[in-house]
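# Observations on chain architecture
These are the residues of each chain, in order.
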Amino acid sequence: MRKRIVAGNWKMNTNIEQAVRLAQDIKAQYDNLAVDVVLCPPFTNLYAVHRVIQGTPIWLGAQDLYWEENGAYTGQVSAGMLTAVGCQSVIIGHSERRQFFGETDVSVNKKIKKALEYKLTPIVCVGETLEEREAAETETVVEKQMKGALSGLSAADAAKLVIAYEPVWAIGTGKVATPEQAQVVHRFIRTFLAELYSRELADAIRIQYGGSMKPENAAELLAQPDIDGGLIGGASLKADSFLRIVNA
Ligand code: PGA
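Below: a short report on this structure. Not measured: the values here are computed from a predicted model. (Residues numbered from 1 in each chain as written. Predicted model: local features only at pLDDT ≥ 70, side-chain atom pairs only at ≥ 80, totals over all residues. Heavy atoms only, no water.)

Within the largest apolar cluster, 67 residues are counted, with the highest numbers of intra-cluster contacts made by L39 and I189. The element best represented in this core is helix α9 (residues 179–196), accounting for 7 residues. Counting residues in hydrophobic clusters, the runner-up holds 11 residues, among them I5, C40, A164 and L231. (Core = buried A, V, L, I, M, F, W, Y, C linked by side-chain atoms within 4.5 Å. Buried < 20%, exposed > 50% of the residue type's maximum accessible area, 1.4 Å probe, protein only. Helix = DSSP H or I, 4+ residues; strand = E, 2+ residues; numbered from the N terminus.)

In structure tokens form, the structure reads like this:
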């Protein structure tokens, strides 16, 4: 039985004060230990949120990292810096990074390897755009992204990943994939993992759904056999709606 995992991707939202308050509210009401919970504030608020949630089962996650150790890479943040502020996890390859910041399957792969070296759990995002879905290319696109992400990864390393299937057309648009649409792609990803590694590994890996997940639609999405949690953007910015998803 896979343990559910729900992550809040706060994106470029919250100042320190708001981040601390949101983390405090979530901490105060979180009692569902059957679900792993990850909070992913912006870099500048990681340490403050760490101070709030340290000693609890809630994980801290970053929204990106860079694969070099340190050096002349203006604006970048390394894996070691993330573990030093208390991160246990990191989102890699979010579609907004692919769309706006030149993230590629090659950079995603390098970031995953570096995160694993630092024992950070990567939440690896894949998903198709609307044009790709309409051209019936969803599976081709997701397979290419998965292949690129996993390139050169041993089964032992691949087993440490969390995958997030996030159809780009559903992110921040209010347009959610139907439970059936999401399930088809989740099943496809699991089958791909079984073929690349093993059935056992595929059955153990957690695959989150992301894209306009809200308290109102979470239960039916999470009822699908291959959906093991959520990566939540907008609805993670209020403790109440985030926790209603956790409890769904
Ligand atoms: P959304 O974002 O829940 O606001 O659609 C999800 C994500 O981008 O991870």
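Once you've had a look at it, read on.
Quick look at the pattern of salt bridges now. Should their charged atoms come close, side chains of opposite charge can pair. What the rule picks out here adds up to 21 salt bridges. With a closest N to O distance of 2.8 Å, R98 and D105 form a salt bridge. Pair check on accessibility: R98 and D105 agree, each one buried. One salt-bridge network, in which partners are shared between bridges, spans R2, R187, R190, D226 and D228. (Salt bridge = Lys/Arg side-chain N within 4 Å of Asp/Glu carboxyl O.)

A word on the packing of aromatic side chains. For the structure on display, the rule yields 4 aromatic pairs. With a centroid separation of 4.4 Å and an interplanar angle of 35 degrees, the aromatic rings of Y66 and W67 are classed as tilted. Take Y66: its relative accessible area is 17%, and that puts it in the buried class. Between Y66 and Y73, the aromatic rings sit 5.2 Å apart at their centres with planes inclined by 50 degrees, giving tilted as the arrangement. Among the aromatic residues, those joined into a ring-pair cluster are Y66, W67 and Y73. (Phe/Tyr/Trp six-rings, centres within 6.5 Å; stacked < 30°, edge-to-face > 60°.)

Most of helix α2 (residues 46–53) is tucked away: 6 of the 8 residues are buried. For α2, the full list of buried residues reads L46, A48, V49, H50, V52 and I53. The inward-facing, buried residues of α2 contact α1 (16–29), β2 (35–40), β3 (59–62) and α3 (79–84). Once α2 finishes, G55 follows within two positions and takes phi at roughly 85 degrees, a positive value. (Contact = heavy atoms within 4.5 Å.)

Approximately 580 Å³ is the volume attributed to the largest pocket. Lining of the largest pocket is provided by 24 residues; of these, F43, Q63, D64, R97 and F101 occupy positions nearest its centre. If one sorts the elements of the lining of the largest pocket by residue count, helix α4 (residues 95–100) sits on top with 3 residues. Class assignment of the residues belonging to the lining of the largest pocket gives a composition of 11 nonpolar, 7 polar and 6 charged. (1 Å grid on protein atoms, 1.4 Å probe; cavity = no way out; pocket = protein on both sides within 12 Å on 5 of 7 lines; lining within 4 Å. Points joined across faces, edges and corners; volume = space filled by probe spheres on them. Nonpolar A, V, L, I, M, F, W, Y, C, P; charged D, E, K, R; others polar.)

This part covers the site of the ligand. Neighbouring residues of the ligand: 13 residues in total, closest K11, H94, E166, G172 and S212. A distance of 2.8 Å is found between an oxygen atom of the ligand and a backbone nitrogen or oxygen belonging to G233. Separating an oxygen atom of the ligand from a backbone N or O atom of G234 is a distance of 2.8 Å. Considered on its own, the ligand offers 290 Å² of accessible surface; in the complex 95% of this is hidden by protein. In the shell around the ligand, the residues fall into 4 nonpolar, 7 polar and 2 charged. (Near = heavy atom within 4 Å. Polar contact = N/O pair within 3.5 Å; in protein donor to acceptor, adjacent residues only side chain to side chain. Areas by Shrake-Rupley, 256 points an atom, 1.4 Å probe, with all protein chains shown as cover.)

Attention now goes to the side chain of S78. Among the structural elements, S78 can be located in the loop between β3 and α3. Sequence-distant contacts of S78, that is, excluding residues within four places in its chain, are made with Y66, E68 and E69.

The geometry of α1 relative to α2 is characterised by a closest axis approach of 9 Å and an angle of 25 degrees between their N-to-C directions. By the criterion of interaxial angle, the relationship of α1 to α2 is roughly parallel. Relative to α2, the crossing made by α1 is right-handed. Counted together, I16, A19, V20, A23, Q24 and K27 of α1 and A48, V49, V52 and I53 of α2 form the full contact between these two elements. Of the residues assigned to the contact of α1 with α2, the class counts are 8 nonpolar, 1 polar and 1 charged. (Axes fitted to C-alpha atoms, helices over the stretch in contact; angles between N-to-C directions. Parallel < 35°, antiparallel > 145°, perpendicular 65-115°, else oblique. Left-handed = near helix turned anticlockwise from the far one by under 90°.)

Moving on, we come to the state of the cysteines. One pass over the full model with this rule turns up 0 disulfides. Free of any disulfide, C40 has its nearest cysteine sulfur in C87, 8.1 Å distant. There is no disulfide at C125, and the cysteine sulfur nearest it, in C40, is 9.4 Å away. (Disulfide = S-S within 2.5 Å.)

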